[in-house]
Structure formats: structure tokens, C-alpha cells
Amino acid sequence: MSNNILAPHIKGTTWYGMVCTITEDDGSPKNLTGVTAISTFRKNHNSAIALEFKTSDASLTIPNPIDGKIYYNERFIDIAEAHYIFDLFITTSDGKVDKAGCGIFPIVLCND
């Protein structure tokens, strides 16, 4: 996952999640053994966090660490209509933090 624009999501409905594959520079899947992850959604980089997914509460999961996949799990989303910036950070077991992805998540009132 790098920079992505997600499909618009209708405010006040269940979002069915997504899967992000983290890769090494050569394109091979990154081994995520021992990694924790957090993804924050904000209206801009200086605003408060509106939505958060993280491995510590199982809203993000890494079921098979060697395949490089991080799963954003299903969630009811009822935040204000806006185009949210999201970032995904992973922390290795030795404390190194890497930005693994980012993008835009539009929340809309209806999907025209």
C-alpha cells in the first residue's frame, strides 16, 4: 500500500474494511512478525484524529505475518462528511516506526 484514494463511504453505515499489503523495496511481501500497526484518519495533518484502527484493539489484524498483509476490520463509521487523510504506521519489535501507507478516505452523505 502506498498512496491510495479509497472509494467513497456513506456516513452512518458499516465499512467492510480492506487489506493492505506491505512490501519491501524489491516488491516482495514484508515480514510483519512482531509488528504492531496503527492507522489514523484526520481531516488534515494538524487536526484531531477522527477515526483510528490499531492492532492493540484488533481493529487492524495481521493473521499471517509473513504475507505482509494488514487487515482493516469491518466497522460502523459515523464521522462527519469530509475527505479524510489516513496514514498507516508500523512499529517493529525493536521500536522502529515506519510509515507504511497513506491515502484519502471520502465520507459522504449519499453515494451518487
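Whatever comes next refers back to the structure up there.
Since this is a predicted model, take the numbers as computed values, not measurements.

What counts and what doesn't
- Residues numbered from 1 in each chain as written.
- Predicted model: local features only at pLDDT ≥ 70, side-chain atom pairs only at ≥ 80, totals over all residues.
- Heavy atoms only, no water.
- Helix = DSSP H or I, 4+ residues; strand = E, 2+ residues; numbered from the N terminus.
- Rg over C-alpha atoms; globule rule 2.2 N^0.38 Å.
- Contact = heavy atoms within 4.5 Å.

Draft legend 1. The overall build of the protein, seen in detail. Counting secondary structure elements, the protein contains 0 helices and 11 strands. Scanning the protein from its N terminus toward the C terminus, one meets helices and strands in the order β-β-β-β-β-β-β-β-β-β-β. Over its C-alpha atoms the protein spans a radius of gyration of 14 Å, differing by no more than 12% from the 13 Å that the globule rule assigns to 112 residues. With respect to the three principal axes, the spread of C-alpha positions in the protein is 40 × 30 × 25 Å. Of the contacts made within the protein by residues no fewer than 6 positions apart, 61% connect residues no fewer than 24 positions apart.

Draft legend 2. Representation of unusual backbone geometry in the model. Even without being a glycine, A58 presents a positive backbone phi close to 65°. Looking at the secondary structure, you find A58 in the loop between β6 (51–54) and β7 (60–61).

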